[in-house]
Amino acid sequence: MSDASSLPSVAVFGLGIIGSRAADHIAAAGYPVTTWSRSPRERTDFETDPSTAARNADIVACYLKDVPAVRYILGNIRDSLGPGKTFVNHATIDHATTDYLVAECARLGCGFLNAPFTGSKIAARNAALVYYAGGDSEVMERLRPFLEVTSTQIMEVSSPLAATILKLTTNLITASTVQALAEGLTVNLAHGISAETYLESIKPNACASVLASMKVISMAEGDFDPHFSLSNMLKDARYMLDLAERAGLETPGIANTATQMQKRNDLGEGEFDFSILFKQFEEA
Ligand SMILES: NC(=O)c1ccc[n+]([C@@H]2O[C@H](COP(=O)([O-])OP(=O)(O)OC[C@H]3O[C@@H](n4cnc5c(N)ncnc54)[C@H](OP(=O)(O)O)[C@@H]3O)[C@@H](O)[C@H]2O)c1
């Protein structure tokens, strides 16, 4: 570990499932850390005023939920950003907001890195996130040791926008896979075949995935403790559909899964795990 006195100070914004765990690792690595959260959820030791949290930070790291959250925070900490400071976005956001962050940080003269990630609650707890990082190469190299504190891999990509597109299109696969697993599980259960047997049949198959191991049994048991919330997967599907539309494309698979997620969200299930998609078949 580096000498703590030489480490940059960090402000972590957003203390949900991922941000709360990332902040713990960053503090444990010796970085001076302040945190900001909108409300006490996973922890209570945070600043309530965004500009107070950001004022003395060399690095502002955002594990916020979505586009409104990221735009709200940037709008409220502008005075604390400038030369020598770096704004790092870890939230999964849309095309327009990625462009907005690039332009705003350039205008303010601060560094910018777009680094959304893959890895859920357990990966965050184990400092095993994988970042898709796009931005200026000098900023990337300067921040590499910082990103390594919370990750096992950093995939450098060609631009901030490429990071957003790769993140959204990998989530397309994740959402669609869980929709498919929920359908397959429902058919098996209806024919008297157990979730365990279904999972065993998947494991040697080319369709095997970490997701199947994570979700098949928990869906059958009705365990929807959130690792990644339905409301967050839904907004990612919406951002993904926007990407397709911008390219003049139709993506009916994720469009249908988004419709199913919207229905569950409208039933008040947004803060459960997105695998609560499985419940769409209970009422069929
Ligand atoms: N969990 C995962 O497995 C996972 C994996 C890959 C990527 N991601 C992405 O990483 C980001 C964080 O994920 P997460 O699971 O930690 O999300 P989360 O548990 O929903 O936490 C989001 C945080 O953002 C805050 N927030 C929400 N709306 C806000 C607003 N309008 N203004 C200010 N703050 C707001 C929340 O505050 P409150 O507590 O007050 O609501 C919370 O602190 C999201 O973009 C997500 O899509 C998550």
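Residues numbered from 1 in each chain as written. Predicted model: local features only at pLDDT ≥ 70, side-chain atom pairs only at ≥ 80, totals over all residues. Heavy atoms only, no water.

S.K.: Explain the nonpolar core to me, please; I cannot follow it from the model alone.
M.R.: Across soluble globular proteins, you tend to see nonpolar side chains buried next to one another. In terms of nonpolar packing, the biggest core is built from 55 residues, with Phe 13, Val 60, Phe 87 and Val 216 touching the most fellow members. For this core, the element with the highest residue contribution is helix α10 (residues 230–246), accounting for nine residues. Contact partners of Val 60, with chain neighbours within four places excluded, come to Ala 11, Phe 13, Ala 54, Ile 77, Leu 81, Thr 86, Phe 87 and Val 88. In this structure, Leu 7, Phe 117, Ala 123 and Leu 143 belong to the second largest nonpolar core, which totals 31 residues. (Core = buried A, V, L, I, M, F, W, Y, C linked by side-chain atoms within 4.5 Å. Buried < 20%, exposed > 50% of the residue type's maximum accessible area, 1.4 Å probe, protein only. Helix = DSSP H or I, 4+ residues; strand = E, 2+ residues; numbered from the N terminus. Contact = heavy atoms within 4.5 Å.)

S.K.: I keep staring at the domain arrangement of the protein chain and nothing clicks. Help me out?
M.R.: Many structure descriptions define interface size as the accessible area lost when the parts assemble. We note that the domain assignment places domain 1 (4–157) and domain 2 (164–281) within the protein chain. A C-alpha centroid distance of 27 Å is found between domain 1 and domain 2. Between domain 1 and domain 2, the contact holds 22 residues from the first and 19 residues from the second. For domain 1, the biggest contributors to the area lost against domain 2 are Lys 65, Thr 92 and His 95; these three give 33% of the whole. At the surface where domain 1 touches domain 2, the tally comes to two salt bridges. When the shortest N-O distance is used, the salt bridge between Asp 225 and Lys 121 registers 3.3 Å. If you look at where domain 1 meets domain 2, you find 12 residue pairs in polar contact (both at pLDDT 80 or more). Those elements that place two or more of their residues in the side of domain 1 that touches domain 2 are α3 (67–77), α4 (95–108), β6 (117–118) and α5 (121–125). (Domains from an automatic or database assignment. Buried area = accessible area lost by both parts, 1.4 Å probe. Salt bridge = Lys/Arg side-chain N within 4 Å of Asp/Glu carboxyl O. Polar contact = N/O pair within 3.5 Å; in protein donor to acceptor, adjacent residues only side chain to side chain.)

S.K.: Where do I start with the layout of surface pockets in this structure?
M.R.: Space left empty within the atom packing is revealed by a probe, the size of a water molecule, rolled over the atoms. Taken as a whole, the largest pocket spans an internal volume of roughly 1,300 Å³. Together, 47 residues line the largest pocket, and Ile 18, Phe 117, His 227, Phe 228 and Asn 232 are the ones closest to its centre. Only α3, β6, α7 (160–190), α9 (210–220) and α10 provide two or more residues apiece to the lining of the largest pocket. If you tally residues by element for the lining of the largest pocket, the top one is α7, at six residues. Of the residues that constitute the lining of the largest pocket, the class distribution is 22 nonpolar, 17 polar and eight charged. (1 Å grid on protein atoms, 1.4 Å probe; cavity = no way out; pocket = protein on both sides within 12 Å on 5 of 7 lines; lining within 4 Å. Points joined across faces, edges and corners; volume = space filled by probe spheres on them. Nonpolar A, V, L, I, M, F, W, Y, C, P; charged D, E, K, R; others polar.)

S.K.: So what exactly am I meant to see when it comes to the pairing of strand β8 (residues 151–156) here?
M.R.: Pairing between strand β7 (residues 129–135) and β8: five bridges, direction parallel. Residue pairing for β8: Val 130 is matched across the bridge by Gln 153. Crossover β7 to β8 through helix α6 (residues 137–148) is right-handed. (Pairing = 2+ DSSP bridges. Right-handed = clockwise from strand over helix to strand, strands pointing away.)

S.K.: Teacher, can you tell me more about the packing of α10 against helix α11 (residues 252–266) here?
M.R.: If you want to describe how two helices pack, look at the angle between their axes and the distance between the axes. Viewed as axis vectors pointing N to C, α10 and α11 meet at an angle of 145 degrees, and their least axial separation amounts to 9 Å. α11 is crossed by α10, and the crossing has left-handed handedness. Residues Leu 230, Ser 231, Met 233, Leu 234, Ala 237, Arg 238, Met 240 and Leu 241 of α10 form the contact with α11, whose participating residues are Ile 254, Ala 255, Ala 258, Met 261, Gln 262, Arg 264 and Asn 265. When grouped by side-chain class, the residues that make up the contact of α10 with α11 number 10 nonpolar, three polar and two charged. (Axes fitted to C-alpha atoms, helices over the stretch in contact; angles between N-to-C directions. Left-handed = near helix turned anticlockwise from the far one by under 90°.)

S.K.: Could you clarify how one ought to interpret the side chain of Thr 35 in this entry?
M.R.: Mapped onto the secondary structure, Thr 35 falls in strand β2 (residues 33–36). Under the relative-accessibility criterion, Thr 35 is labelled buried at 7%. At 2.9 Å, the side chain of Thr 35 and the backbone oxygen of Asp 45 are in polar contact. Setting aside residues up to four positions removed in sequence, Thr 35 forms contacts with Val 12, Leu 15, Ala 23, Asp 45, Phe 46, Glu 47 and Ala 53.

S.K.: What exactly am I supposed to notice about the pattern of salt bridges here?
M.R.: Should the charged atoms of two oppositely charged side chains come close, the side chains can pair. Tallying each qualifying case throughout the model produces 13 salt bridges. For Lys 235, the salt bridge is made with Asp 236, and the minimal N-O distance between the two is 2.7 Å. Residue Lys 235 is classed as buried on the basis of its relative accessible area, which comes to 11%. A residue is classified by how much of its surface remains accessible, and Asp 236, at 1% relative accessible area, is buried. In this structure, the salt-bridge partner of Asp 242 is Arg 246, at a minimum N-O distance of 3.1 Å.

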